[in-house]
Amino acid sequence: MSISMVSPLAELLAQLRVGNQRSLITFYEQNRDHFARWAKWHYKQEPTTAHATLRAVLLEFYDRATDGRLTKMPPDLRAFIYDMARERLDNAAAERLPQAEANRRQHLLQAFHALGADCRQVLSYFYFRGYNFEKVAGKMGYPNAVVARIQKSTYLRKLYEVALQTSDADHQILPPTDT
């Protein structure tokens, strides 16, 4: 049973804004074992660490809802929470990487966040969730898998261009001066 089954999403957001955390507690209780398996599979986390991560992400989600950063509920709350956890765990993993690789990944993540919502969504579906083009087309409302493939290629090219532009801006080389 997911939160969306407990109450309509708009009602859930209203409950969170007035401080009612019961829905999030229920979400935690119903999903902690699944989340622990997911975190172990993707991040080699032990269950106790995974549970702490899920609690921290749910608190961050609650903070976003109560302070107005979250203006509407995501259509798939569980996927949204897992994406928040993935971002948190990826950032934690990047802190343990050699500095050059951590910088490269951080730069790529900044370029990714500079893309539009549709770009990020298609690339996330394909690369992070492992959806095939048929499923991406269904999720995004495209007429078929060929359109999804073309969109993915276009968005990947756009990510490359944004990353290249920000890289050039960050590492501008000043022309030599004659003194």
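Scoring rules and cut-offs
- Residues numbered from 1 in each chain as written.
- Predicted model: local features only at pLDDT ≥ 70, side-chain atom pairs only at ≥ 80, totals over all residues.
- Heavy atoms only, no water.
- pLDDT = per-residue confidence, 0-100.
- Helix = DSSP H or I, 4+ residues; strand = E, 2+ residues; numbered from the N terminus.
- Contact = heavy atoms within 4.5 Å.
- Buried < 20%, exposed > 50% of the residue type's maximum accessible area, 1.4 Å probe, protein only.
- Core = buried A, V, L, I, M, F, W, Y, C linked by side-chain atoms within 4.5 Å.
- Polar contact = N/O pair within 3.5 Å; in protein donor to acceptor, adjacent residues only side chain to side chain.
- Phe/Tyr/Trp six-rings, centres within 6.5 Å; stacked < 30°, edge-to-face > 60°.
- Lys NZ or Arg CZ within 6 Å of the ring centre and 35° of its normal.

S.K.: Where do I start with the confidence of the model for the chain in this structure?
M.R.: Note: predicted coordinates in regions of low pLDDT should not be interpreted at a detailed level. Averaged over all residues, the pLDDT of the chain is 82; the fraction at 70 or higher stands at 85%. Put simply, helix α1 (residues 3-6) is where the chain has its lowest mean pLDDT, 42, and helix α8 (residues 133-140) is where it has its highest, 93. Across residues 1-7, where pLDDT falls below 50, the model places eleven contacts with residues more than four positions away in sequence or in other chains. For residues 171-179, every residue scores under 50 in pLDDT, and the model assigns this stretch zero contacts once sequence neighbours within four places are set aside.

S.K.: Just checking my understanding: could you explain the environment of aspartate 33 for this structure?
M.R.: You can see aspartate 33 is positioned in helix α3 (residues 22-43). Look at aspartate 33 and you get partly exposed, because its relative accessible area is 46%. In sequence terms aspartate 33 and alanine 50 are 17 residues apart; their C-alpha atoms lie 9.1 Å from each other.

S.K.: Where do I start with the nonpolar core in this structure?
M.R.: Most often, soluble globular proteins keep nonpolar side chains buried together rather than apart. Phe35, Phe61 and Ile81 are the most contacted members of the largest nonpolar core, which totals 25 residues. Where this core is concerned, the elements lending two or more residues are α2 (9-17), α3, α4 (47-67) and α5 (77-94). What phenylalanine 35 contacts, discounting residues up to four positions off in sequence, is Ala50, Thr53, Leu54, Tyr82 and Ala85. Grouped together as the second largest cluster of nonpolar side chains are 17 residues, Phe112, Leu115, Cys119 and Ala163 included.

S.K.: Whenever I open this one, the side chain of threonine 53 confuses me. Can you help?
M.R.: Along the chain, the position of threonine 53 falls in helix α4. A residue is classified by how much of its surface remains accessible, and threonine 53, at 9% relative accessible area, is buried. Engagement of the side chain of threonine 53 in a polar contact is seen with the side chain of glutamine 45, the distance being 3.4 Å.

S.K.: What is the right way to look at unusual backbone geometry in this model?
M.R.: Excluding glycine, residues mostly have negative phi values, and the peptide bonds linking residues are mostly trans. We note that lysine 44 has phi near 60°; this positive angle belongs to a residue other than glycine. Mapped onto the elements, lysine 44 comes out in the loop between α3 and α4. On the accessibility criterion, lysine 44 (68% relative accessible area) is exposed.

S.K.: How should I be thinking about the packing of aromatic side chains in this particular structure?
M.R.: Aromatic ring pairs are defined here through the distance separating the ring centres and the angle between the ring planes. For the structure shown, the criterion picks out nine aromatic pairs. On the basis of an interplanar angle of 15° and a centroid distance of 4.8 Å, the ring pair of phenylalanine 126 and phenylalanine 133 is categorised as stacked. An aromatic cluster is built from Phe35, Trp38, Tyr43 and Tyr82, whose rings are joined through pairwise contacts. The aromatic ring of tyrosine 131 is capped on one face by lysine 135, whose charged end is 4.4 Å from the ring centroid.

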